[in-house]
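Fold and contact review
As a plain string of letters, each chain reads:
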Amino acid sequence: MTPMQSSVRHCFQLLAAAFIAVLAASDAFAQQVASDGPTLAAIRARGHLICAGADPLPGFAQLDSKGLWTGFDVDFCRAVAAAVFGDPSRLEFRALEGDARFAELQTGDIDVVARDADWTMRRDTRYSVSYVAPSFYDGQAFMVPSRLNIVSAYQLNNLKVCVLDQGDQLANLTDFAFVNQATYTEILYEDRQDLAVAYGKGLCDAVSAPASWLNAVRRTLDAPASQVILPERISKSVFGPAVRQGDDQWFKIVEWTLYALIDAEEAGVTKSNIDSLASAKTHRIRRLLGLEGSFGPAIGLSPDFVKKIVSAVGNYGEIFDRNFGPDTGAGVARGQNALWKNGGLIYAPSIEAGDTGD
Amino acid sequence: MFGRAAAVLVLLLLSVVPASAARLDDVKTRGFLQCGIGAGTPGFATIGPGDAWSGLEVDYCRALAAAIFNDPQAVHFILSTTEDRWQSLTSGAIDVLARPSTWTMERDTAMGVSFVGTLFYDGQGFLVKKGAGYASVNDLENQSVCMQANTTTVLNAEDFFATNKIGYHPLTFASRAETIQAFLDGKCAAYSTNAAGLAGDRSTFATPADYVILPEIISKEPLAVAVAQGDDQWLKVARWVYFALLDADELGVTQKNVDELVGSDNSEVKRLLGLADEDFGTPIGLTKDWAYRIVKLVGNYGEIFDRNVGPNSPLALSPGLNALWKDGGIQYAPPIR
């Protein structure tokens, strides 16, 4: 954050605090506070959401020519801001790296991590944070120059492979070589920017890393179209938003923001058609639009929170296409991130009641 | 803004302080788990000779008990009804609700509970009599469909038939038993509820082979386990027991081969079985061999599925969405690492 932004934010906090002091005298506001958990109350008092994502990574979080953050992670943050405020711009996005992001969740410096470190048992159980639900499935893959005419990871042999010397990536690579009786010369890098530069300079024949990251690197190379990400995945990893432990209401706000994005895609509700669906007759669409049942208020949101989200950022598929689709110049297939009914793994419970059935 | 160094220090301090541990401590002190189940749902919870419960939801609770007590029998099964199940959780009368309940927004946000994970991905289907000429839902044009009144089943059917412009006659009955009886009496061409429920009910008919479930599934019904909200440690114990069942299945670790795999070089298998350097169980109040206990004493997810509801069980359900993600289904768990 720049000093300018910081001082603006500080002034805003002082104003907000003064505003609350006045309002707190009224019974109506006391009730409102009582229904907001600590995180939601702090966000409302501050006037905007603080949401973190990947440190700058094309497709997930990048600064555009106007100095604004865009990307898959940013869009999820905008969706949460829309759910809370009805306004996706009431957001301060921060790109964080390393497990420092979890420390800032714990201290309350940030309200939610949109999607960054993959969901593992260690992270889910030892840092006083909770993963909410899967939002992006990934796996370690290989990228090679297309001039090598390699179409499958099983063809890789006697090659120099660049890989990060950290986490499980090197272990996954050596396991894969061992199982397939292939020989690689591994060239290790501590830093992923260095790894990308090395591959760009042709210091290795192939690079192995999570497919989402390979796609981001490919966009930064001189001729993205002359690079191939091979179809095999040699590990599984799943990413999703994470929140500070101990505030169930906030956990559920983030959870149902994600589920709303997914349910909207499944029901065919898009940013462009949502206004024309007001006369829809199916129960499912009427529930999504807040015209039947009332699902947001139980967690401090408005009955039409899904409409606010989708009107602002679109549904899950629209967010995916905006950031990874063919128009981005580096198309990524939906693959595992397609809806469950289209062969992928993206799934959400429904925005509905339970009634008396099971 | 908080300095990064200070923030990291806080991270380290918080890391060693266990989360509030009320429920897990209570369960350990009591010496057994109190598990809420549904009454007599074939494949999910049925009682056999010697009052022995069996079924998918029963086995989930046995896995949880195995992880905590190294004893899958350290469970008291408590019948919960559709009406009292949420209150049983929030009052503390049960520690976990395994009775299959569709995970919906209202239940997740307004009942004081949190969902743990989807034990069985289900959806609404239609049961018809074989040889009656119904091969798909399209063939039910102008026919009667028996359903239980005041359920989401009725609303889903309305949506489906309206969207697909198929005329039909809904016939609703107050109870499930009355609904089934009406169908068996020939009052309807089809009986509609969740597919697992159809298969379970069919297994109780005099001649199950005379009935078939149509291929169309018209809704999504994730049948999930739930706990009372407000206890993160307990939620994570319950959730990682579910994940361990899936991870074991994915790694090919079964009740039969688990002891042979103790010498495995596979680092994922070693972490699952508590044989790696890192201890994943103790930080959530379990033991290092917590997942070994689950597989050894109860089996992995696929084994539990096959035993209770799979193709060779009386329910004869194909895995479908409940296959692992790598086998065409959507059952998926984050890794133990």
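An account of the accompanying structure is given in this report. The structure displayed is predicted, hence computed values, not measured ones.

With that out of the way, let us pick up the overall build of chain A. Assigned secondary structure in chain A consists of 13 helices and 14 strands. Sorting the 358 residues of chain A into buried and exposed places 58% on the buried side. Accessible surface computed for chain A: about 14400 Å², of which carbon and sulfur atoms make up 54%.

This next bit is on the packing of aromatic side chains. All names here are of chain A. Following the criterion strictly, the structure yields 38 aromatic pairs over all chains and no others. With centroids separated by 5.2 Å and ring planes inclined at 80°, the aromatic side chains of Phe-60 and Phe-136 adopt a geometry described as edge-to-face. Taken as a pair, Phe-60 in the loop between strand 1 (49–54) and strand 2 (62–63) and Phe-136 in strand 7 (residues 136–138) lie far apart in primary sequence, 76 residues in all. Note on accessibility: Phe-60 and Phe-136 belong to one class, buried. Both rings, one in Phe-102 and one in Tyr-131, keep their centres 6.3 Å apart while their planes meet at 80°; by these two values the pair is edge-to-face.

Okay, the interface of chain A and chain B next. Contacts between the two partners involve 66 residues from chain A and, on the opposite side, 67 residues from chain B. When chain A packs against chain B, the two sides together hide about 5800 Å² of surface, and 53% of this comes from carbon and sulfur. Viewed at the interface, chain B and chain A are joined by nine salt bridges. Of the charged contacts in the structure, one is a salt bridge between Lys-252 of chain A and Asp-108 of chain B, with a shortest N-O distance of 3.7 Å. Summed over the shared surface of chain A and chain B, the result is 35 residue pairs in polar contact (both at pLDDT 80 or more). At eight residues, the largest contribution of residues to the side of chain A that touches chain B is made by helix 10 (residues 248–267) of chain A. For the side of chain A that touches chain B, the per-class residue count stands at 27 nonpolar, 18 polar and 21 charged.

Right, let's get into a negative patch on the surface. Together, Glu-97, Asp-165, Glu-190, Asp-191 and Asp-194 of chain A make up a negatively charged patch on the protein surface. Mapped onto the elements, Asp-194 of chain A comes out in helix 8 (residues 192–200).

The next thing to look at is the pairing of strand 8 (residues 140–145) of chain A. Side-chain positions along a regular strand alternate between the two faces of the sheet. Residue and element names in this part refer to chain A. Taking burial as the measure, the six residues of strand 8 include six buried ones, the bulk of the element. Residue alternation in strand 8 divides its side chains into two sets, Gln-140, Phe-142 and Val-144 and Ala-141, Met-143 and Pro-145, and both sets are buried. Where strand 8 and strand 12 (residues 227–229) come together, three bridges link them in antiparallel fashion. Of the residues in strand 12, the one forming a bridge with Pro-145 is Gln-227.

A few words now on the pattern of salt bridges. By the definition in use, this model includes 29 salt bridges over all chains. Arg-284 of chain A is the partner of Glu-266 of chain A in a salt bridge, and the nearest nitrogen-oxygen pair spans 3.1 Å. Here the residue Glu-266 of chain A occupies a position in helix 10, and Arg-284 of chain A occupies one in helix 11 (residues 283–288), the gap between them amounting to 18 residues. Close ionic contact of Arg-307 of chain B with Asp-59 of chain B constitutes a salt bridge, the shortest N to O distance being 2.7 Å. Of this pair, Arg-307 of chain B sits in helix 12 (residues 301–308) while Asp-59 of chain B sits in helix 3 (residues 56–69), and the two are 248 residues apart along the sequence.

Scoring rules and cut-offs
- Numbering of residues starts from 1 in every chain and runs along the sequence as written.
- All chains are assigned letters beginning with A, and all ligands numbers beginning with 1, in the order in which they are written.
- Residue-level local features of this predicted model are given only where pLDDT is at least 70; pairs of side-chain atoms are given and counted only at 80 or more, and the full residue set underlies all totals for whole chains, interfaces and linings.
- Excluding hydrogens and water, the side-chain values take into account all heavy atoms of the structure.
- Comment: elements are numbered from the N terminus, with helices defined as DSSP H or I runs of at least four residues and strands as E runs of at least two.
- Only protein chains enter the accessibility calculation, which uses a 1.4 Å probe. A residue is then buried if its area is under 20% of the maximum for its type, exposed if over 50%, and partly exposed in between.
- Residue-level accessible areas treat just the shown protein chains as cover; the underlying method is Shrake-Rupley with a 1.4 Å probe.
- Centre distance within 6.5 Å is the pairing criterion for rings of Phe, Tyr and Trp, where only the six-membered ring of Trp is used; planes under 30 degrees apart are then read as stacked, over 60 as edge-to-face, and the remainder as tilted.
- The contact criterion used throughout is that any non-hydrogen atoms of two residues lie within 4.5 Å.
- Reported buried area values correspond to the accessible surface (1.4 Å probe) lost by two parts on association, with both partners' losses combined.
- Salt bridge criterion: a side-chain nitrogen from Lys or Arg within 4 Å of a carboxyl oxygen from Asp or Glu.
- Throughout this description, a polar contact denotes any pair of N or O atoms lying within 3.5 Å of each other; where both atoms belong to protein, one of them has to be capable of donating a hydrogen while the other can accept it, and for residues adjacent in sequence the pair is counted only when both atoms sit in side chains.
- Any residue that is not Ala, Val, Leu, Ile, Met, Phe, Trp, Tyr, Cys, Pro, Asp, Glu, Lys or Arg is counted as polar, Gly included; the first ten are nonpolar and the last four charged.
- Here a patch means residues that are over 30% exposed by relative accessible area and free of salt bridges, tied together within 9 Å if like-charged and within 5 Å if nonpolar (Val, Leu, Ile, Met, Phe, Trp, Tyr).
- The charged-residue count follows a simple rule in which Lys and Arg add positive charge and Asp and Glu add negative charge, with His and chain termini not counted at all.
- Charged groups are reduced to one reference atom each: NZ for lysine, CZ for arginine, CG for aspartic acid, CD for glutamic acid.
- The criterion for strand pairing is that DSSP finds at least two bridges linking the strands in question.

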